[in-house]
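# Examination of the molecular architecture
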Amino acid sequence: SKGTFVKDSTVNLSYENKVTGFSATTRLHERTELTSKVLEHKIVVVPPAIAPKLGIPEESRVFYLKRVRSVEGKPSVYTEDWVRYDLCEGIENVDFINKSLHRILEDLYGVIPAKAVRTFDCCLAQSEEQIVELKIKKNQPLLRFTSIVSDADDTPIEFCEAVINGKYTVNE
């Protein structure tokens, strides 16, 4: 038959034993300056679309953290995290400017991110806030990243959705 066929190019990667977040990954490069701008941090009722990803009922409370992460002074990643509040009560009192969410979960709550299912795809900015905070043009392509992070017992801890402006390299 004639025509163009598009092959599904989905690649599934598994991260096990120890999951590193953006802070830890970026800081592996000693000269890399990483800063964070906290846009929101609060306790909210879990959005209906996110509750099943965290394995919790829809009326459950979660810690919501929205930040812009800058590398070498350039706004690079716009992140939204939803963390099960039953695992980290009081986390809303932590100052997340230039602090790692995963480090806080480990150090203050003994919650160790061990596994992650991460999905990457291309997108455009989803909001005017993303355009402004990342200092990009409206139709500039971005890399979208979603992640469900679990502990060693497969208990979901965090769901993250981020958009990345620029090149991102993963060394395994």
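Report on the accompanying structure. Predicted, not measured: the structure shown is a model, and the values here were computed from it.

## Some remarks on the overall build of the protein chain
Helix and strand counts for the protein chain come out as 4 helices and 7 strands. Starting at the N terminus and ending at the C terminus, the protein chain contains elements arranged as β-α-β-α-β-β-α-β-α-β-β. Every one of the 172 residues in the protein chain was classed for burial, and the buried ones make up 41%. At a minimum sequence separation of 6, the contacts of the protein chain that also span at least 24 residues come to 58%. As presented, the protein chain carries roughly 10,400 Å² of accessible surface, and 51% of it is formed by carbon and sulfur atoms.

## Topic: the nonpolar core
Judged by nonpolar contacts, the single largest core of 13 residues is most densely connected at F63, V83, I91, F96, L101 and L105. Per-element accounting of this core gives the leading share, 3 residues, to helix 3 (residues 101-109). When neighbours within four sequence positions are excluded, F63 is seen to be in contact with H41, K42, I43, D81, W82, V83, Y85, I91, E92 and F96.

## Some thoughts on the pattern of salt bridges
One pass over the full model with this rule turns up 8 salt bridges. The salt bridge involving K37 is made with E133; its shortest N-O contact spans 2.9 Å. With a gap of 96 residues between them, K37 in strand 2 (residues 34-45) and E133 in helix 4 (residues 128-134) connect regions that are remote in the sequence. The exposure class of E133 is buried, given its relative accessible area of 15%. Between K42 and E40 there is a salt bridge, with its nearest N and O atoms 2.8 Å apart. For K42, a relative accessible area of 38% puts it in the partly exposed group. Assessed through its relative accessible area of 24%, E40 is described here as partly exposed.

The rules we used
Residues numbered from 1 in each chain as written. Predicted model: local features only at pLDDT ≥ 70, side-chain atom pairs only at ≥ 80, totals over all residues. Heavy atoms only, no water. Helix = DSSP H or I, 4+ residues; strand = E, 2+ residues; numbered from the N terminus. Buried < 20%, exposed > 50% of the residue type's maximum accessible area, 1.4 Å probe, protein only. Contact = heavy atoms within 4.5 Å. Areas by Shrake-Rupley, 256 points an atom, 1.4 Å probe, with all protein chains shown as cover. Core = buried A, V, L, I, M, F, W, Y, C linked by side-chain atoms within 4.5 Å. Salt bridge = Lys/Arg side-chain N within 4 Å of Asp/Glu carboxyl O.

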